[in-house]
Amino acid sequence: MRVALLTEGARPHPDRGAGAWCDRLAEGLPEHDFELYLLTGPAGLGSAARLSPAWQGAHDLALWGRRPRGRAPGTLHRRQYARAYEELLRALVLPGERAGFGAGLYRLAALVREDEGTLPAFLGSAHARRVLERTWRLPGADTSAGQPLVRDVLVAADLLEQCLRPLSAPWYGTGPGGLGGADLCHVVGGGPAALPALVARHLHGVPFVVTEHGLHLREQYLGYPPRAEGGAGAESEERQARNECRSDDRRHRVRAPGGERASHEAPYRWPVRALLLSFFRALTEETYRQAAILTPGSAHDQQWQRRCGADPARTRVVYEGTPAVDRPAAGPEPERPTLVWAGALEPGRDTELVLHAFARVRAELPAARLVVYGQETAPGYLAHCATVAERLGVATAVDFAGRPGSLAEAWQGGTVVVFSALSQRSPRLLADAMLSGRAVVSTDVGVAREVVGPTGLLVPARDPRALAGACLALLRDEERRSRLGLAGRLRAQERFAVEPVIGAFREIYLELVSQYPAFPEGGGVGEGNRAPRPFARPAEYWLADGARVRDDRDGGDGRDDRDDREASAGPADRAGPADPESGGGGAGAPESGRGQLAVVPAAAEERPEPAGPAGPSVLAEAV
């Protein structure tokens, strides 16, 4: 089948280290044709030679930076744009009209197809800014973050144009490179990357899967925190001066609302940040509502998704596989008892906790030492930690080693690995430490209990006494360290191997194909010369070589050899799964195209039943 993989940033490139998850997926499923649709920065995709050979094609769209050039819409289309844009904005600022977000979004997408290339020009126009200002100041609008000023309207209009830019991408046709010709879309990362999938589902009925290894909405909340601002949220003159002195590159990075992680120094007043958070919240809810299947990277992320309206019946945890499972275990332990801590040097990682705990360990084991790996991400935090170590009297036994050459080297130099974070959102770093075979002690937060389980020691957060006690228990018991280290390595190898991830998505893809109608020409209702036939390709089609000859054509009546296979589809293949909410189609079934049960032609009713079965139904945050 043809799979359109939509993501954001540079993660699919194989030369970007841990960002090759998309490449591993495409390479692990060679029976399918993968095309990459990438939302990038102003530099674009770059050289195609950097992509893995597994990709059948690559398309990119600059999500942030300068607004793309395009002609302004005519008077009629400008009015239609204004009505659709106002409907979307009302859903963002009026609590009683939240449900109108999807309708406004799809109306904008439909208008773009009627008058291509005009949406960015409209969103950047004075007319759109007036619509935003009028709607933002309506009676009953949520302005708890402060009344928007004129400059807030200008900034928010620019940011919303960037957020909605994927609607104007040239990806929505049914020809080569069009999402309408894909069998399914796979969104990796969520956020603006889900916009093309939502549009393809609405226009062509293409189902889509959403994979999130770090929840986009959560990163936005962390990136736009509330701040103590004077008056109605006014920034200080000093802060404004610093923002004005930033370089152009820094401005582009900070003003990338759909980036992998929003900047903690975003120079927006709180009304603008509140509006952006409202947009991302509405987009996330619409994405979860329309997705056929959600695959969070942990049960912890799954709970977040449920809070945003995700259906548990359509949610399946698929851990992020890592090639590190094939890495040999760490060698002999160092001669001196050594605690190893790794992570970003910031208050959320609570390096102070491990320093206080180490002071207690040092009082019991004078030969113990602590090695801290990581780069400073909060200015001044490294100096603060050094001061804490000096005050506790353990500075001579603490080594702030900076960024390690590799994580394997970091674990190799320790006797016990310690994690002291206040919030452990990603399992990657924990899993990598467990794969080293070293015993792990962690605060019981986030995904720690889910990942470590019974193979390590979990202690309450912000409790130096408990953390010190756990470290001492392991440092004094070599047999227990060895047993827990081996158990942790086996647990991580079982959960985070690449092969189970590939197998899980192979089953998910086949399940979607068996549940959703498939159109031979890849179009929706009313497109093409022939009426679409629901479930025209049964599940067995994907297990044979039929998908490899999809482009062969019969020169006579325009039919291809797929039609001969499709003629064997029986009534069981034409029946859609029940959905009590929509009245047809499976969970998350599209509203048009593939998600509707079309009337079966009389000739199709006379087709014989298929001879065979209906086919398979389906069954760590790096430094």
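Remember, it's a predicted structure, so these values are computed and weren't measured experimentally. (Residues numbered from 1 in each chain as written. Predicted model: local features only at pLDDT ≥ 70, side-chain atom pairs only at ≥ 80, totals over all residues. Heavy atoms only, no water.)

**Q** Which parts of the structure should I look at to understand the side chain of serine 442?
**A** If you trace the backbone, serine 442 turns up in strand S11 (residues 439-443). Residue classification places serine 442 among the buried positions, given a relative accessible area of 1%. Residue contacts for serine 442: discarding those within four places in its chain leaves Phe419, Leu430, Ala448, Leu457, Leu458 and Val459. (Helix = DSSP H or I, 4+ residues; strand = E, 2+ residues; numbered from the N terminus. Buried < 20%, exposed > 50% of the residue type's maximum accessible area, 1.4 Å probe, protein only. Contact = heavy atoms within 4.5 Å.)

**Q** What is the right way to look at the sheet that holds strand S6 (residues 293-296) in this model?
**A** In any sheet, the strands associate via hydrogen bonds between backbone groups, in a parallel or an antiparallel arrangement. Ordered in space as S3-S2-S1-S4-S5-S6, the 6 strands form an open sheet in which the pairing is parallel. Across the chains shown, the open sheet's two edge strands, defined by having one partner strand only, are strand S3 (55-62) and S6. Neighbour to neighbour, the strand axes of the sheet diverge by 20 degrees on average, direction disregarded. Strand direction decides the pairing type here: strand S4 (residues 184-188) and strand S5 (residues 208-212), joined by 4 bridges, are parallel. Its bridge partner being in S5, histidine 186 is matched across the sheet by valine 209. Running over the sheet, helix H12 (residues 299-307) touches S5 and S6 and is turned about 135 degrees from S6. (Pairing = 2+ DSSP bridges. Axes fitted to C-alpha atoms, helices over the stretch in contact; angles between N-to-C directions.)

**Q** I keep staring at H12 and nothing clicks. Help me out?
**A** Think of an α-helix as 3.6 residues a turn; residues three or four steps apart then line up on the same face. Every buried residue of H12 is accounted for by His300, Asp301, Gln302 and Gln305. Looking at the packing, one finds that the buried side of H12 touches S5, helix H8 (216-223), helix H11 (270-290), S6 and helix H17 (448-452). Just downstream of H12 lies glycine 309, where phi reads positive at about 100 degrees.

**Q** In this structure, what is going on with the sheet that holds S11? I would like to understand it.
**A** In spatial order, the strands read S9-S8-S7-S10-S11-S12; together these 6 strands make up an open sheet with parallel pairing. One side of each edge strand has no neighbouring strand; the edge strands of this open sheet are strand S9 (398-402) and strand S12 (457-459). Taken pair by pair, the neighbouring strands of this sheet meet at an average axis angle of 20 degrees, ignoring direction. Contacting strand S7 (338-342), strand S8 (369-373), S9, strand S10 (416-419) and S11, helix H13 (residues 351-364) crosses the sheet at an angle of about 170 degrees to S8.

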